[in-house]
Amino acid sequence: MSTVVTGIGELVTNDPAREGLLGLVSDAAVVVEGSRVAWVGPAAEAPAADQQYDVGGRAVVPGFVDSHSHLVFAGDRAVEFAARMTGEAYSAGGIRTTVAATRAATDEQLTSHVARLVQEMARQGTTTLEIKSGYGLSVRDEARSLAVARQFTEETTFLGAHVVPGGTDPAAYVDLVTGAMLEAAAPYARWIDVFCEDGAFDADQARTVLAAGAAAGLRGRLHANQLTYGAGVRLAAELGLVAVDHCTFLSDTDVDALRDSGTIATLLPGVEFSTRQPYPDARRLLDAGVRVAIASDCNPGSCFTSSMPFCVALAVREMRMSPAEAVHAATAGGAAALGRDDVGVLAPGTRADLAVLDAPSHVHLAYRPGVPLVSGVWRGGRPLGAL
């Protein structure tokens, strides 16, 4: 069964074979066969299809690719957020509050909570997402967190090295993460991650965890340079990791290392909005030739937003990105940060993931911040029902 999605006033393809960063097509159509895109181009030239779906002149963008989220948790930290808004500084220590609540929750409670957040993301146009563990910090709870996450996405990340649990020797905990915990978690994970930061894990510990993950067949990622300058970004570049996330505090050496390695800088502007820290300087990175992705970092502590459109608007307003750069970073950039070429782009052969905007142009995602512009979502060639 084939479907032609027509009446598209502006189509963002991100197809590098087309002109411009976004590969824009005006008065466009997309033909979908099964779960894949079969044809893209001007509506007047669209081939025949079994059925037609007219979006009435609206803009269409690839489904957002959220390459950094922490959805498996229980409870919230609204009190902590309120304290920050009255002047208290953010630190990594609040993670332990969520760990206690998550350990106490049942599998059914965790699954129901993740399902609600995934649906919330879908309503806002996110069709591909990564989910990390990291709020269990025990062999049992990290493995079950990833088993829950795996019900919703193939892009699951083992983050046992989030923080050291209270009362635990750091060296002994790294041994646990790289031993029994990794063994239990690996069957449910594609990636391994480390919070390489003051108050969490240093570069040597991160190197050890990533090496163990690689030996178990997991690809590496890093949280780095969120709270201060450090060695994490340079470590990611040295190891050739596909992406390193946060990148708020960067030296010139860090920027050069990202450029030379090709490691993607995944920026998380919702974090800075929620913590009142300085925003990453995306303009500096882009001008240096570093590839940039944008993700939500949806989590209960430092950033409890699930909205990629909101992150796009923040990136334009606060990180000096153009609307086109921000949309590209939230779609094709996120896909690249996950090592994917089948999503984030609308071209023949890619997955038919579309977000229909109740607007004439992608620019409205930043031009109308906070407005629920996503009026329809297709995932795998099928329109999602009432969300």
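Everything in this summary refers to the structure shown in the same document.

Reading the values: the criteria
- Residues numbered from 1 in each chain as written.
- Predicted model: local features only at pLDDT ≥ 70, side-chain atom pairs only at ≥ 80, totals over all residues.
- Heavy atoms only, no water.
- Helix = DSSP H or I, 4+ residues; strand = E, 2+ residues; numbered from the N terminus.
- Buried < 20%, exposed > 50% of the residue type's maximum accessible area, 1.4 Å probe, protein only.
- Areas by Shrake-Rupley, 256 points an atom, 1.4 Å probe, with all protein chains shown as cover.
- Lys, Arg positive; Asp, Glu negative; His and termini not counted.
- Charge placed at Lys NZ, Arg CZ, Asp CG, Glu CD.
- Phe/Tyr/Trp six-rings, centres within 6.5 Å; stacked < 30°, edge-to-face > 60°.
- Lys NZ or Arg CZ within 6 Å of the ring centre and 35° of its normal.
- Arc of directions from axis to C-beta.
- Contact = heavy atoms within 4.5 Å.
- Pairing = 2+ DSSP bridges.
- Salt bridge = Lys/Arg side-chain N within 4 Å of Asp/Glu carboxyl O.
- Axes fitted to C-alpha atoms, helices over the stretch in contact; angles between N-to-C directions.
- Left-handed = near helix turned anticlockwise from the far one by under 90°.
- Nonpolar A, V, L, I, M, F, W, Y, C, P; charged D, E, K, R; others polar.
- Core = buried A, V, L, I, M, F, W, Y, C linked by side-chain atoms within 4.5 Å.

1. Concerning the overall build of the protein
Then step 1. The number of helices and strands found in the protein is 13 helices and 17 strands.
Then step 2. With respect to the principal axes defined by its C-alpha atoms, the protein has extents near 65 × 45 × 45 Å.
Then step 3. When each of the 387 residues of the protein is scored for burial, the buried share is 58%.
Then step 4. Carbon and sulfur atoms form 50% of the exposed surface of the protein, whose accessible area is close to 14500 Å².
Then step 5. Within the protein, the 44 negative side-chain charges are centred at a point lying 3 Å from the centre of the 30 positive side-chain charges.

2. A word on unusual backbone geometry
Then step 1. Phi is positive for N14, which is not a glycine, with a value near 60 degrees.
Then step 2. As for its position among the elements, N14 is in the loop between β1 (2-11) and β2 (25-33).
Then step 3. Even without being glycine, D297 reaches a positive phi, approximately 55 degrees.
Then step 4. With respect to the secondary-structure elements, D297 resides in the loop between β14 (292-294) and α11 (308-318).
Then step 5. You can call D297 buried: its relative accessible area is 2%.

3. Points about the packing of aromatic side chains
Then step 1. Using the criterion set out here, one finds six aromatic pairs in the structure.
Then step 2. When the ring of F73 is compared with that of F304, the centres are 5.7 Å apart and the planes differ by 75 degrees; the resulting orientation is edge-to-face. Taken together, the residues span a long stretch of sequence, with F73 in the loop between β6 (64-66) and α1 (78-85) and F304 in the loop between β14 and α11 at a distance of 231 residues.
Then step 3. Classification of F73 as buried rests on a relative accessible area of 1%.
Then step 4. Clustering of aromatic rings is evident, with ring pairs tying together F73, Y135 and F304.
Then step 5. It is R221 that lies over the ring of W191; its NZ or CZ is 4.3 Å from the centre.

4. Here's the deal with helix α2 (residues 95-104)
Then step 1. Burial in α2 covers these residues: I95, T98, V99 and T102. Each buried residue of α2 sits inside an arc of 110 degrees when the element is viewed along its axis, so together they form one side.
Then step 2. Contact partners of the buried residues in α2: α3 (107-123), α4 (139-150) and β9 (191-196).

5. Details of the pairing of strand β3 (residues 36-42)
Then step 1. Summarising the sheet, β2 and β3 pair through six bridges and their orientation is antiparallel. By the bridge assignment, V30 is partnered in β3 with V40.
Then step 2. Where β2 hands over to β3, the hairpin turn is made up of two residues, of which G34 adopts a positive phi near 65 degrees.

6. Notes on helix α7 (residues 232-239)
Each α-helix winds once per 3.6 residues, and so residues spaced three or four apart point in a common direction.
Then step 1. Taken as a whole, α7 has its buried residues at G232, V233, L235, A236 and A237.
Then step 2. Backbone geometry just after α7 places G240 at a positive phi near 70 degrees.

7. Description of the pattern of salt bridges
Then step 1. Applying the stated criterion across every chain yields a total of 21 salt bridges.
Then step 2. A salt bridge links D193 to K132; the shortest N-O distance between them is 2.8 Å. Of this pair, D193 sits in strand β9 while K132 is found in strand β7 (residues 126-132), placing the two residues 61 residues apart along the sequence. The burial state of D193 is the same as that of K132; both residues are buried.
Then step 3. The shortest N-O distance in the salt bridge between R234 and D254 comes to 2.8 Å. With R234 in helix α7 and D254 in helix α8 (residues 252-261), this residue pair connects regions lying 20 residues apart in the sequence.
Then step 4. Overall, the relative accessible area of 1% leaves D254 in the buried class.

8. With respect to the packing of helix α6 (residues 203-215) against α7
Then step 1. Relative orientation of the contacting elements α6 and α7 amounts to 35 degrees, with a least axis distance of 10 Å. For the pair α6 and α7, the sense of crossing is right-handed. Packed against α6, whose contacting residues are A203, A206, R207 and L210, the element α7 presents L235, E238 and L239 at the interface.
Then step 2. Here the contact of α6 with α7 is built from residues that sort into five nonpolar, no polar and two charged.

9. Notes on the nonpolar core
Then step 1. Membership of the largest hydrophobic core comes to 83 residues, with the highest contact counts inside it found for L71, F158, L222, L285 and M321.
Then step 2. The element that contributes the greatest number of residues to this core is helix α5 (residues 170-185), accounting for six residues.
Then step 3. In terms of nonpolar packing, the next biggest core, distinct from the first, is built from 16 residues, I8, V37, V40 and W378 among them.

10. Looking at the environment of A184
Then step 1. Along the chain, A184 falls in helix α5.
Then step 2. Residue classification places A184 among the partly exposed residues on the basis of a relative accessible area of 25%.
Then step 3. For A184 and I95, which are 89 residues apart along the polypeptide, the C-alpha to C-alpha distance reads 22 Å.
Then step 4. Other than its neighbours up to four places away in sequence, A184 contacts V139 and A143.

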